[in-house]
Amino acid sequence: MSQQQTAPEGLVRTPRHAQWLELFFDLVMVAFVGVLAHRLHGEPSAFDFATFVVLFFPAWWVWVNVTITMNLYGAVVTPRIWVMVSVVMLSVGIMAAAVSEGLGERAWAYAAGNAVIRLVILIPWWMARRRGGVPWYRSLTYNGLTALIWAVSIVVPQPAQFVLWGVAIGVEVLLLAFLGNQRTWLRDNLDIDHIAERVGLFVVIVFGETILSIIAEIDQHWTAASGITAILAFAAISGLAWAFFQYGARSAEDGWHRLQRVGDMRALRDTVMYLPFVLVVGIVMLAAGLGTAVAEAGHPLPVGATTCIVAGIALFYAANAAVALRYGEPPRRVARWGIIGVLLPFLLFAVAALADAGVVVAAVVLVISGMVAMAEISRRRPRSGRARSTRS
């Protein structure tokens, strides 16, 4: 079977929206992101950055797998589905409570939550094995075997425990790298409109967490300098949100529909399951750095916080550029804004070395505003070109 197949001409899907249950599930993810993001406030070290990514990816992986499962099997929320998702929510809550200790003595609870979640997700895939396009042994391996690995890791001492976590995630990633005959079934059954809405809503939640961190810091540091810095931080977040929802979200839905039509399920997998994680990490890192800047207003910004801000913006644009390339956009067009978006934030290190935290945040606003202006000019240029062509 070839990697790309054209979808049937008569394929018509009725778009559906996210269920209330899914939005309820997202609230638990808010708690998880909020607890874990605290590790990046202040002066985070390289170990803190690594711990953040290591603990956040399994939670993101849970969210995206639940989203795909609900997309395929949860169009109607039955009592059984409600109970199953509620168990997943409870498990994510346990994971959130465990991450406050990082990779310490609560790691067993984090592993237990992951094990339970995979057993729950296995249920709908196993029950639909006869009418679905996924072989039973793939579902049993993807969720059953990995649940066993997570469960075994509960009683395994560190660092072997973390090795088992990596093996469990690796098994799932490896299976997704070889879709086989299920590629056609997935192409014909995935609801792209639902996926686009779910990813967009998750990003909204993450942006909401950034606002919450700024409000929490201004509440603790009620000064004029912190107030001004908080306003600038809000402007920076608002500008980045504008960039995502005005340009990224619009192109995402069109891109996913295009990938589905041609049957490029690998690119669809990458742009739904992997690359948004990089984007979300960037937003959370930026939020942590801005929150620290509000707390340190009038003082030099710690190097770790500056790194959060620089890496956050760079990862945001790197993820968007990679997504655009996977959609099939010309590399030259993506390079126009992608390279600048990744490299320009590094100038903030020089600003942080010479000025206080408030000035750094003001510079962040300028950087993001410049990127938004560039995107707006690029978007309007084709329109003006078409208008001139029409008049002539």
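In this text, all values refer to a predicted model and were calculated from it rather than measured experimentally.

**Q** Even after reading the chapter, I still don't get a nonpolar patch on the surface, so can you show me in this structure?
**A** A contiguous nonpolar patch, built from Trp126, Trp136, Tyr137 and Leu140 and spanning about 420 Å² of accessible area, is present on the exposed surface. Here Leu140 lies in helix H5 (residues 136-153). Classification of Leu140 by relative accessible area gives partly exposed; the value is 35%.

**Q** What is the right way to read the nonpolar core from this model?
**A** The tendency in soluble globular proteins is for nonpolar side chains to be buried as a group. With 123 residues, the main nonpolar core has Phe25, Phe32, Phe56, Val92, Tyr110 and Trp256 as its most contacted residues. The greatest single-element share of this core, amounting to 18 residues, is contributed by helix H10 (residues 265-295). Excluding residues that lie within four positions of it along the chain, Phe32 makes contacts with Leu55, Phe56, Ala59, Val92, Met95, Ala96, Val99 and Tyr110.

**Q** Even after reading the chapter, I still don't get the packing of helix H2 (residues 46-73) against helix H3 (residues 79-99), so can you show me in this structure?
**A** The relative placement of two packed helices comes down to the angle between their axes together with the axis-to-axis distance. Where H2 contacts H3, the axes come no closer than 11 Å and their chain directions differ by 170 degrees. In terms of axis orientation, H2 runs roughly antiparallel to H3. Counting all contacts with H2, which are made through Leu55, Ala59, Val62, Val66, Met70 and Tyr73, the residues of H3 involved are Ile81, Val85, Val88, Val92, Met95 and Val99.

**Q** Explain the packing of aromatic side chains here, please?
**A** The description of an aromatic ring pair uses the distance of the two centres, along with the angle that the planes make with each other. Inspection of the entire model under this criterion finds 21 aromatic pairs. Here Tyr73 and Trp125 contribute two aromatic rings whose centre-to-centre distance is 5.1 Å and whose plane-to-plane angle is 85 degrees, an arrangement assigned as edge-to-face. Remark: Trp125 occurs in helix H4 (residues 107-127) and Tyr73 occurs in helix H2; sequence separation between them is 52 residues. Here Tyr73 and Trp125 have matching classes, each one buried. Their ring planes at 40 degrees and their centres at 5.2 Å tell us that Tyr110 and Trp165 sit as a pair that is tilted. Remark: Trp165 occurs in helix H6 (residues 160-177) and Tyr110 occurs in helix H4; sequence separation between them is 55 residues. Just as Tyr110 is buried, Trp165 falls in that class too.

**Q** Looking at this model, I keep getting lost on the pattern of salt bridges. Mind explaining?
**A** Between side chains of opposite charge, a pair can form as their charged atoms come close. Inspection of every chain in the model, using the stated rule, returns seven salt bridges. With its nearest N and O atoms 2.8 Å apart, the salt bridge here joins Asp188 to Arg187. You can call Asp188 partly exposed: its relative accessible area is 27%. Exposure remark for Arg187: the relative accessible area of 5% places this residue in the buried category. The salt bridge involving Arg269 is made with Asp270; its shortest N-O contact spans 2.9 Å.

Cut-off values and rules
- Residues numbered from 1 in each chain as written.
- Predicted model: local features only at pLDDT ≥ 70, side-chain atom pairs only at ≥ 80, totals over all residues.
- Heavy atoms only, no water.
- Patch = residues over 30% accessible without salt bridge, like charges linked within 9 Å, V, L, I, M, F, W, Y side chains within 5 Å.
- Areas by Shrake-Rupley, 256 points an atom, 1.4 Å probe, with all protein chains shown as cover.
- Salt bridge = Lys/Arg side-chain N within 4 Å of Asp/Glu carboxyl O.
- Helix = DSSP H or I, 4+ residues; strand = E, 2+ residues; numbered from the N terminus.
- Buried < 20%, exposed > 50% of the residue type's maximum accessible area, 1.4 Å probe, protein only.
- Core = buried A, V, L, I, M, F, W, Y, C linked by side-chain atoms within 4.5 Å.
- Contact = heavy atoms within 4.5 Å.
- Axes fitted to C-alpha atoms, helices over the stretch in contact; angles between N-to-C directions.
- Parallel < 35°, antiparallel > 145°, perpendicular 65-115°, else oblique.
- Phe/Tyr/Trp six-rings, centres within 6.5 Å; stacked < 30°, edge-to-face > 60°.

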